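Residue-level structure breakdown
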Amino acid sequence: MHNLNIINKKTKRSRVLAYLVLPTITLLSACVEIQSSSHSTEKNNTPDTHKEEPGQAKNVILFIGDGMGISTITATRIFDGQSKDMEGEENSLAFDNFENVALIKTYNTNAQVPDSAGTATAIMSGYKTNIGTINVRPGQKYEGCGSIPAIKTLTDRSHSAGKSVGIVTTTRITHATPAAMFAHADNRNWESDNEVPREAKDAGCKSIAQQMVESEAEIIMGGGTSKFSENQLNTLKANYTFAANKADMKNFKDGKLRALFSKSHMSFEADRDPAEQPSLAEMTETAIKNLKSNQEGYVLMVEAGRIDHAHHGTNAFRALTDAQALNEAVKVAIEMASEETLIMVTADHSHVFTMAGYPVRGNPILGLVKSIDQTTGLPSDSYEKALDGKPYTTLGYHNGPHLRVASADNRPLTNEDVQDRNYRQQTAIPMNTETHAGEDVALFGHGPGSENIRGVMEQNKISDVIDLALGLN
Ligand SMILES: [Zn+2]
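Residues numbered from 1 in each chain as written. Predicted model: local features only at pLDDT ≥ 70, side-chain atom pairs only at ≥ 80, totals over all residues. Heavy atoms only, no water.

1. Focus: the pairing of strand β7 (residues 298-304)
As a reminder of what qualifies: Classification of residues uses two cut-offs on accessible area relative to the type maximum, computed with a 1.4 Å probe and protein chains only: under 20% is buried, over 50% is exposed, and between them is partly exposed. Note on conventions: DSSP H or I runs of at least 4 residues are helices, E runs of at least 2 residues are strands, and numbering of each starts at the N terminus. A strand pair is defined by DSSP finding two or more bridges across the two strands.
Across the seven residues that make up β7, a large majority, seven, are buried. Along β7, one buried face is formed by Y298, L300, V302 and A304 and the opposite face, lined by V299, M301 and E303, is buried too. Two strands pair when backbone bridges link them, and strand β1 (residues 59-65) and β7 are joined in this way by six bridges, in the parallel orientation. Following the sheet pairing, V60 is matched in β7 by V299. Note that strand β3 (residues 164-172) and β7 share six bridges and pair parallel. Bridging across to β7, G166 finds its partner in L300.

Shown next, in the form of C-alpha cells:
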C-alpha cells in the first residue's frame, strides 16, 4: 500500500528531461519551431526546466476523468464531503494528497479548445495532434492504416518492455479516450466497421472496434457491444474470457479479459444497477489483481468517461457522482498498488462549468446560493438574487441547452428544483450541447517518477513522464 506522506527522494539534479526524450539535435531545433507553429506535432514543445532524475517505477496507473476540469474537482470535493455530513470544503479527495501536481495545457494542434481524441493522443502517445484524430499526425491521411503506424500506442510501448496492459472505461470501449490506448484513426467516429468510409477501407483503415478485437492488451473493460459486428463479438468470445456483466467479471481468474457491459456507454454511476454493471472501482480492482501477476510490471489506464457526458447535458449531479466514482477507484489503486507504482490522475480537458459567488460555507453544492449577512458574517435567511430578482445556483454553465428560464411556469427556482438529480443547471449561451473548455487542467502524481510532474506542462509531456518512469522507449 502506498504511504502518501512519503515523498520519493530518489532524485538527482543531473539531467534535463528534454534531452532524455529528444533523440536528435534535429528534433531539438524542431522543438523551437513548435513555439511559433500551431500545427507541429513533435514532442516537447516547451523549454524544459525539469532537472531531477525521476524515480524508476515498475507500474503506472493513469486515471483520466473525461472533462474533469478543476471546477469539477472542487465541486466534487465539496459534494463528496457533504455526502459524509461535512460542510464539504475541508474534505480531501484521494488524489488531493498526491505529492506532485502540475497544470496541463490541453490545446490540440489545430484547436484552442480540444476534444478527447487529440488530448488522449497527447497524454498516452506523446504527440499533440488535430482535434478528432487518434494516434495519427495532422495532415497525414490514412497514416494509421499502414502496417507501421508512425505513432506507437502506449499498449505497444508497454508490451515492448514486457509489461501487461489494462484498459478500463465507463464509455464505449471504441470511444476516443480508451481507443487512444490501442487504435489509430483519422476520425474518432470510425468506431464500427459501418462508420469507416469506403475510401479509407480501401486504403487499409480498420474500425476502432476491429482494432480492439486485434489488440493484445491483457485486460479491456468498458461498454459498447453495439459497435461490434456479430463476427467481431464471436472472435472476442472465442479468444478471451468474455464478461457481459458484473458476475462474469467476478468469475474471471486469470488470462486475458474482454468485458463489454452495455450496448453503448455504461450507465452513469447514479443510474447504475449494481447487480448488472460493476463500478469503476470494482473494474479497477479486477484489473490490478490480474495485472499484478506479471513480474515485469503493468500499465493500466482507467477512464471515468461519463463526467464529460453529464456536463454536455448540463447535469451537474451526474458529473459529480461520476467524478466521485473516479475518486473511489483511485482509493482502490492506492490500497492495492505496490510502492513501485506511479499513480496519476488527470483530465483530458475541462468544461465550461463554474462555481458562482457567494454561498455561505457549507451551502449544499447543488443548491441555491444562500447569502451571508454582511454585518454579522452569518448566513442570512434569504437567497442571493440576480438582477431578475430570482435566486440562482452555485453551479452553472457558460453554454448549453438550459437557458436561464427559472422554471417551466417561470416561477423562481426552489432548492427542491435545483437539487433534483435530473436538474440541468442554467447556462448563459443557448446551445444544443454544452461544450468543453480550454483552460488548463490538473495532473496529480504519486510514487516513483512523479517528480517530473510540476509547473505548467504541455499535455504530451504526460506521456514522457510515463516513459521515463518505466524506462520505455
Ligand atoms: Zn466531451
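Let's pick the thread back up.
2. Some details on the nonpolar core
Side chains of nonpolar character tend, in soluble globular proteins, to be buried together. The test is simple: Side-chain atoms within 4.5 Å are what join buried Ala, Val, Leu, Ile, Met, Phe, Trp, Tyr and Cys residues into a set we call a nonpolar core.
Among the nonpolar cores identified, the biggest contains 100 residues, and F63, M124, M221 and M344 are the most heavily contacted of them. Of the residues forming this core, the biggest block, nine residues, is contributed by helix α13 (residues 316-336). In this structure, A75, A316, L320 and Y397 belong to the second largest nonpolar core, which totals twelve residues.

3. Details of the coordination of the zinc ion
What counts, and what does not: Any nitrogen, oxygen or sulfur atom within 2.8 Å of a metal ion counts as a donor, with the limit raised to 3.2 Å for Na, K and Ca, and since water is left out, coordination shells can look unfinished. A four-donor site is classed as tetrahedral when every donor-metal-donor angle falls between 85 and 135 degrees; four donors are called square planar, and six octahedral, when trans pairs exceed 155 degrees and all remaining angles lie between 65 and 115, with any other arrangement labelled irregular.
Coordination of the zinc ion by the protein involves D308 (OD), D308 (OD), H312 (NE2) and H436 (NE2), with metal-donor separations of 2.1 to 2.3 Å. Each of the four donor atoms bound to the zinc ion contributes to angles spanning 57 to 148°, and the resulting shape is irregular. If you list the donors of the zinc ion from N- to C-terminus, the spacing comes out as D-x3-H-x123-H. Taken together, the positions of D308 and H312, both in helix α12 (residues 307-312) and four residues apart, correspond to about one turn of that helix.

The values are spatial; any link to function lies outside them.
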